[in-house]
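Letter by letter, the chains look like this.
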Amino acid sequence: MSLNINNKEYWKSLEQLDGTPEFKKFLDSEFPDVADDSVDSAVSRRKFLTLMGASFALAGLTSCRRPVEKIIPYVIPPEELVPGVPVEYNTTMPFGAHAYGLTVRTYDGRPIKIEGNPAHPSTLGASNAFIQAEILNIYDPDRSKTVLQNGAERTWDDFVVAWRELYKKHADGRGEGLAIITSSFSGPTLARLAREFKRRFPKARWVVYEPITDENIHKGIKAATGRDLVPLYNFDKAKTVLSLDADFMLLENESIKQARGFAKGRRVSSNQDEMNRLYVVESALSITGASADHRIALPATRVGAFTAALAVKLLSLGVPVKGASQIDPQIVEHFNEKWLTAVAKDLASHPGESIVIAGRNQSISVHALTTAINSALGNIGATVEYRVVQDDFLPDAAELAKLKYDMDNGGVSTLIVLGANPKYDSPIELDFAKVEDVIHHGPHVDETARASSWHIPQSHFLESWGDANSIDGMTSAIQPMIEPLYADAKSTIEVLNMLARGEDARGYELVRQTWQTLLPRRTFESEWRKVLHDGVFKNRGRKFRPTVQQKGVTTALSFYPLTVDASDKDAIELVLQPSAHTYDGRYANNGWLMENPDPITKLTWDNAALLSPQTAKKLGVAKNDVIRITADKQSVNVPVWIVPGQANDVIVAELGFGRNAAGRIGDNIGVNLFKLRNQANSFVLPKVSIEKTNRTYQLAGTQDHGSMEGRPLVREASLKEYKEHPEFAKEMVEHPPLKSLWKEHKYDKGYQWGMTIDLNACIGCGACTVACQSENNIAVVGKEQVANGREMHWIRIDRYFTGDVNEPQVVHQPVACQHCEMAPCESVCPVAATVHDSEGLNVMVYNRCVGTRYCSNNCPYKVRRFNFFNYIKDYPETIKMAQNPNVTVRSRGVMEKCTYCLQRINEAKRKAKEEGRELRDGEFMTACQQACPTQAITFGNILDPDSEVA
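Residues numbered from 1 in each chain as written. Predicted model: local features only at pLDDT ≥ 70, side-chain atom pairs only at ≥ 80, totals over all residues. Heavy atoms only, no water.

Participant: Explain helix α24 (residues 767-775) to me, please; I cannot follow it from the model alone.
Facilitator: What sets the pattern is the α-helix's 3.6 residues per turn: residues three or four places apart point alike. Along α24, 9 of the 9 residues are buried, which leaves the element largely enclosed by surrounding structure. All of the buried residues along α24 are Ala 767, Cys 768, Thr 769, Val 770, Ala 771, Cys 772, Gln 773, Ser 774 and Glu 775. Taken from the residues just after α24, Asn 777 is the one with a positive phi, measuring 55°. (Buried < 20%, exposed > 50% of the residue type's maximum accessible area, 1.4 Å probe, protein only. Helix = DSSP H or I, 4+ residues; strand = E, 2+ residues; numbered from the N terminus.)

Participant: How should the environment of Ser 856 be read in this particular structure?
Facilitator: Of note, Ser 856 is situated in helix α26 (residues 854-858). For the pair Ser 856 and Pro 824, spaced 32 residues apart in the sequence, the C-alpha separation amounts to 9.4 Å.

Participant: Please explain the pairing of strand β20 (residues 475-478) as it appears in this structure.
Facilitator: Because side chains alternate across β20, one face comprises the buried residues Thr 475 and Ala 477, and the other comprises Ser 476 and Ile 478, equally buried. Bridge count for strand β19 (residues 466-469) against β20 is 4 bridges, and the pairing is antiparallel. Its bridge partner lying in β20, Ala 468 is registered against Ser 476. Once β19 ends, the chain turns through 5 residues before running back antiparallel as β20, passing Gly 473 with a positive phi of about 95°. (Pairing = 2+ DSSP bridges.)

Participant: Looking at this structure, I do not really get the sheet that holds strand β12 (residues 277-282). What am I missing?
Facilitator: Two modes of strand pairing occur in sheets, parallel and antiparallel, and in both the strands are linked by backbone hydrogen bonds. The strand order across the open sheet formed by 4 strands is β13-β12-β11-β14, and the pairing between neighbours is parallel. Each edge of the sheet is formed by a strand with only one pairing partner; in this case those strands are β13 (294-297) and β14 (354-358). Strand after strand, the sheet turns through a mean of 5° between neighbouring axes, direction not considered. The strands that helix α11 (residues 337-348) touches are β11 (240-244), β12, β13 and β14; relative to β12, the one it contacts most, it runs at about 135°. (Axes fitted to C-alpha atoms, helices over the stretch in contact; angles between N-to-C directions. Contact = heavy atoms within 4.5 Å.)

Participant: What is the right way to look at the sheet that holds strand β3 (residues 87-95) in this model?
Facilitator: One open sheet accounts for 3 strands, arranged β3-β4-β5; its pairing is antiparallel. Of all strands in the sheet, those with a lone pairing partner are β3 and β5 (110-116), marking the two edges. When the angles between neighbouring strand axes are averaged without regard to direction, this sheet yields 35°.

Participant: How should helix α16 (residues 492-501) be read in this particular structure?
Facilitator: A large share of α16 lies buried, amounting to 10 of its 10 residues. Within α16, burial applies to Thr 492, Ile 493, Glu 494, Val 495, Leu 496, Asn 497, Met 498, Leu 499, Ala 500 and Arg 501. Directly beyond the C-terminal end of α16, a positive phi value near 70° is found at Gly 502.

Participant: How do you make sense of the pattern of salt bridges when you look at a structure like this?
Facilitator: Once the charged atoms of two side chains with opposite charge are near each other, the side chains can pair. Tallied over the full model, the rule gives 39 salt bridges. The closest approach of N and O atoms between Arg 360 and Asp 214, which form a salt bridge, is 3.0 Å. On the criterion of sequence distance, the pair formed by Arg 360 in the loop between β14 and α12 (364-376) and Asp 214 in the loop between β9 (205-208) and α7 (215-225) is long-range, its members being 146 residues apart. Accessibility assignment for this pair places Arg 360 and Asp 214 in one class, buried. Notably, a salt bridge pairs Lys 909 with Glu 839, separated by 2.9 Å at the nearest N-O pair. Residue Lys 909 is located in helix α27 (residues 902-914), and its partner Glu 839 is located in the loop between β32 (834-836) and β33 (842-844); the two are separated by 70 residues in the primary sequence. What you see here is one network of salt bridges that share partners, running through Lys 113, Glu 115, Glu 775 and Arg 904. (Salt bridge = Lys/Arg side-chain N within 4 Å of Asp/Glu carboxyl O.)

Participant: Would you mind going over the nonpolar core with me for this structure?
Facilitator: Soluble, globular proteins show a tendency: their nonpolar side chains are buried together. Formed by 121 residues in total, the largest nonpolar core has its most connected members in Leu 462, Leu 574, Ile 629, Ile 651, Leu 673, Leu 676 and Trp 753. No other element matches helix α4 (residues 129-138), which puts 7 residues into this core. (Core = buried A, V, L, I, M, F, W, Y, C linked by side-chain atoms within 4.5 Å.)

Participant: How should I be thinking about the confidence of the model for the protein chain in this particular structure?
Facilitator: A low pLDDT means the predicted coordinates there should not be read in detail. Considering every residue of the protein chain, the mean pLDDT works out to 86; 90% of them sit at 70 or more. Scored below 50 in pLDDT, residues 1-5 makes 23 contacts in the model with residues more than four places away or belonging to other chains. Of the regions scoring below 50 in pLDDT, residues 31-67 engages in 129 contacts with residues more than four places distant in sequence or in other chains. (pLDDT = per-residue confidence, 0-100.)

Participant: What should I look at first to understand unusual backbone geometry in this one?
Facilitator: Although it is not a glycine, Asn 777 sits at a positive phi angle of roughly 55°. Relative to the assigned elements, Asn 777 resides in the loop between α24 and α25 (783-787). The phi dihedral of Lys 862 falls on the positive side, at around 55°, and the residue is not glycine. Topologically, Lys 862 is positioned in the loop between α26 and β34 (865-866).

Participant: Can you help me understand the side chain of Thr 630 in this one?
Facilitator: Topologically, Thr 630 is positioned in strand β24 (residues 625-631). By relative accessible area, Thr 630 is classed as buried at 18%. Looking at Thr 630, its side chain comes within polar contact range of the side chain of Ser 635, at 2.7 Å. If sequence neighbours within four positions are ignored, Thr 630 has contacts with Ser 635, Val 688, Ser 689 and Glu 691. (Polar contact = N/O pair within 3.5 Å; in protein donor to acceptor, adjacent residues only side chain to side chain.)

Participant: So what exactly am I meant to see when it comes to the pairing of strand β26 (residues 650-654) here?
Facilitator: Working note: regular strand, side chains alternate between the two faces of the sheet. Taking burial as the measure, the 5 residues of β26 include 5 buried ones, the bulk of the element. Here β26 shows no split at all, with Val 650, Val 652 and Glu 654 on one side and Ile 651 and Ala 653 on the other all buried. As defined by bridge partners, strand β21 (residues 572-577) adjoins β26 across 5 bridges and the pair is classed as parallel. Across the sheet, Leu 574 pairs through a bridge with Ile 651, a residue of β26.

Participant: Help me understand the packing of aromatic side chains, please; the structure alone is not making it clear to me.
Facilitator: How two aromatic rings sit relative to each other is set out by the distance from centre to centre and by the angle between their planes. Scanning the model with the defined rule gives 33 aromatic pairs in all. On the numbers, 6.3 Å between centres and 70° between planes, the contact of Phe 95 with Tyr 100 is edge-to-face. The pair formed by Phe 95 and Tyr 100 is uniform in burial state, with each residue classed as buried. Aromatic side chains Phe 159 and Trp 454 sit 5.6 Å apart centroid to centroid with 70° between the ring planes, which places their arrangement in the edge-to-face category. Note that Phe 159 is positioned in helix α5 (residues 156-172) and Trp 454 in strand β18 (residues 454-457), a separation of 295 residues in sequence. Residues Phe 159 and Trp 454 agree in their burial class; the two are buried. One aromatic cluster is present, formed by Trp 163, Tyr 167, Phe 185, Phe 197, Phe 201, Trp 206 and Phe 393 through successive ring pairs. Above the face of the Phe 95 ring, Arg 586 is positioned so that its terminal group lies 4.6 Å from the ring centre. Sitting over the ring of Phe 866, Arg 853 keeps its end group 4.9 Å from the ring centre. (Phe/Tyr/Trp six-rings, centres within 6.5 Å; stacked < 30°, edge-to-face > 60°. Lys NZ or Arg CZ within 6 Å of the ring centre and 35° of its normal.)

Okay, structure coming up:
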């Protein structure tokens with residue numbers, strides 16, 4: 001069953017490695033009999049998904065968002081707009097204190113596809129799965145639609161009247177008894193209004209709260225440097241990288257830019273090239289760890305001690321790490337000294353060309369010491385830069401604790417919550433019952449909204465005006481693509497303006513007021529339109545080259561110890577991390593993300609207690625067994641999933657599940673692990689108790705789907721082997737000569753389309769899968785159908801393990817239709833529904849397909865998907881707004897597969913034909929290619945010798 005190349009054995013799961021009966025049974029049932037469309041209620045609950053979509057309101061469907069404030073439905077359309085012809089606009093997606101520049105494609109004023117803005121420093125033209133999924137979020141049918149007062153429908157005007165009474169009351173007391181909780185933000189307009197609110201209500205308490213917070217990073221850097229600074233990492237300049245429990249390529253902030261920079265150092269175009277080197281120390285196997293050249297699995301509580309040992313080792317090599325002299329040198333003995341010495345020597349031999357990065361889960365002392373190490377290595381100012389934080393709006397758990405104290409003791413009469421959901425995800429239980437008036441502003445009637453006296457719907461950023469600063473300080477505009485779907489929905493700046501001034505104003509006016517201070521007054525209008533056109537204002541934040549202070553580092557090391565008590569050998573620690581599906585819960589109602597397999601575990605539709613094989617054996621549990629985890633008298637029941645490569649005696653679990661007010665997709669899915677957190681232990685709980693419940697829960701993973709049945713798909717070699725045998729991939733497998741059943745095209749004229757994927761650059765993040773789903777109207781099928789192997793994705797990312805079960809290496813392999821010239825699918829189709837055209841594309845004729853699935857059985861790559869059920873029949877009206885009009889929306893009974901985005905090819909060909917020329921290389925990109933953060937995918941005309949793909 002396993003692949004064997006160059007004496008390497010590849011396996012997708014422990015079940016495949018062991019050849020268990022369950023694995024064999026799944027393989028035998030991969031192509032079951034055609035299903036009946038009458039399904040039981042359990043299936044129907046997920047058929048919605050289908051329900052992915054939006055509301056019934058169609059406001060704005062015939063409107064086109066132009067760079068002016070007023071939306072005018074065009075009975076007589078503007079001259080530059082042709083119905084059915086897409087128009088692209090640049091905007092910005094705010095994400096906490098970060099911002100991601102986007103280019104959004106609209107059809108007749110209806111946004112249907114998101115790409116990265118090449119001019120924005122945080123996206124560089126690429127995106128990630130979260131960005132791609134925002135198209136589904138704007139059309140979410142469960143979005144909040146009206147203002148509510150104690151659950152009863154009201155209007156925005158009703159709230160304005162109520163707030164003006166409260167405004168007068170709190171203004172007279174200069175904000176006494178008034179408190180506000182906001183999520184992190186970076187926009188200059190929000191910052192301006194926040195400062196105005198503070199001036200108007202100086203005694204009010206302002207708390208910035210994020211459930212997934214970088215607070216330890218900020219405080220660690222401040223401890224070492226004395227300044228509030230934000231780090232910027234230039235991975236493209238680094239030859240050696242050490243990651244300390246930091247998944248910097250996926251779940252840490254700025255992952256797109258960081259993955260792009262890292263991948264640049266992995267590219268090999270000839271056997272003379274060199275590659276960067278990545279060392280990873282982590283508790284959970286991440287996609288960053290999967291890309292590592294050298295990796296060790298350590299409990300999260302021991303990463304601090306490893307950092308200390310590294311500092312001591314560097315000091316012994318002559319690298320003057322401040323604070324290292326205060327650390328007991330015997331700490332080195334607790335780790336593999338050979339591995340530690342190799343890392344230290346590699347870092348020391350690349351001064352100014354290395355990066356040491358620690359994850360947000362690690363303590364303040366780890367971040368302080370990491371800052372000192374980067375400084376000693378000469379990285380600051382080269383591979384690591386810092387930007388000064390202009391406004392004091394950073395998350396602070398201590399401020400949340402003070403707010404709770406005030407609320408519990410009657411010190412808060414009015415609480416305002418903007419964009420946060422603390423009733424679900426706060427580590428501190430906030431008792432709203434003791435607050436007279438609670439005002440909530442958010443996109444859903446979520447857990448916090450249900451406990452509030454007033455709820456105001458939040459507009460989506462694709463239907464709002466605003467602005468945001470990128471990580472390096474570049475300011476960009478947020479401009480709407482569509483009129484708000486719901487009249488009462490307000491942007492955060494509109495709500496905050498009402499709170500600060502007691503006045504109603506449009507977001508457009510508020511943003512322009514801010515930008516009049518940023519742009520030259522004489523040329524404001526032309527400069528403003530240029531910003532809207534480009535999506536960015538090419539300013540930069542103030543960079544700062546800090547000096548690391550010995551006293552600051554040693555104080556942090558003494559106040560936040562790097563080591564923990566390891567005397568209890570039976571202790572099990574719990575590590576909580578953001579989810580690739582839901583992040584912190586904000587994407588819980590998004591079907592695209594819920595069904596996109598986790599890059600490492602390949603789980604969908606659930607979170608789980610992730611255990612190493614050794615820990616599972618120690619606890620006496622197997623996959624799908626339910627265990628009870630208890631911490632500080634709080635308990636949750638979680639199903640088990642076993643992951644090779646994870647640290648022993650550690651349970652890793654994703655946050656963001658277990659919602660009860662997310663919507664029809666996210667409600668009651670998975671387990672809420674936030675309830676185990678408290679302010680003291682944050683995301684790492686050093687010791688939890690575990691009990692077996694003697695129950696099981698079926699999880700839906702895709703790791704065994706699309707089995708290659710022993711065919712050699714993965715072909716890899718070391719850099720040394722590649723230099724000696726550059727054609728190793730071809731030499732590994734001898735392919736028998738192919739003979740066609742009929743006369744084939746010569747494929748030597750015109751366009752011949754082909755795709756390459758650089759597996760050195762691919763990190764397995766899955767952005768391409770969601771981008772393809774968005775572009776090609778691919779249905780979500782739900783957990784039960786995924787468990788049956790019936791997910792509809794046109795491109796899958798296989799994850800293979802190789803080597804020792806406890807310390808495996810990982811290989812990612814994206815697999816889509818190969819558009820074979822002598823395609824085995826064509827020879828078995830009885831109705832010629834799958835045919836090859838003269839441009840090298842294997843195309844599907846949907847109205848011919850009768851669903852025999854012979855082609856799928858005969859496909860060696862298992863990349864054809866059969867549409868078992870009529871997922872589209874129950875689409876609400878607005879989910880249709882998310883559909884690409886250039887792609888057929890398929891019903892049940894047809895085969896689907898990758899088309900190389902034929903609609904994009906044809907659109908570019910038509911434009912070239914109108915201009916009387918041939919297509920130029922790079923003139924268009926497939927959806928997966930455009931989304932890929934590492935530029936691993938290349939597509940084009942292979943007959944053009946100058947094309948990148950050739």
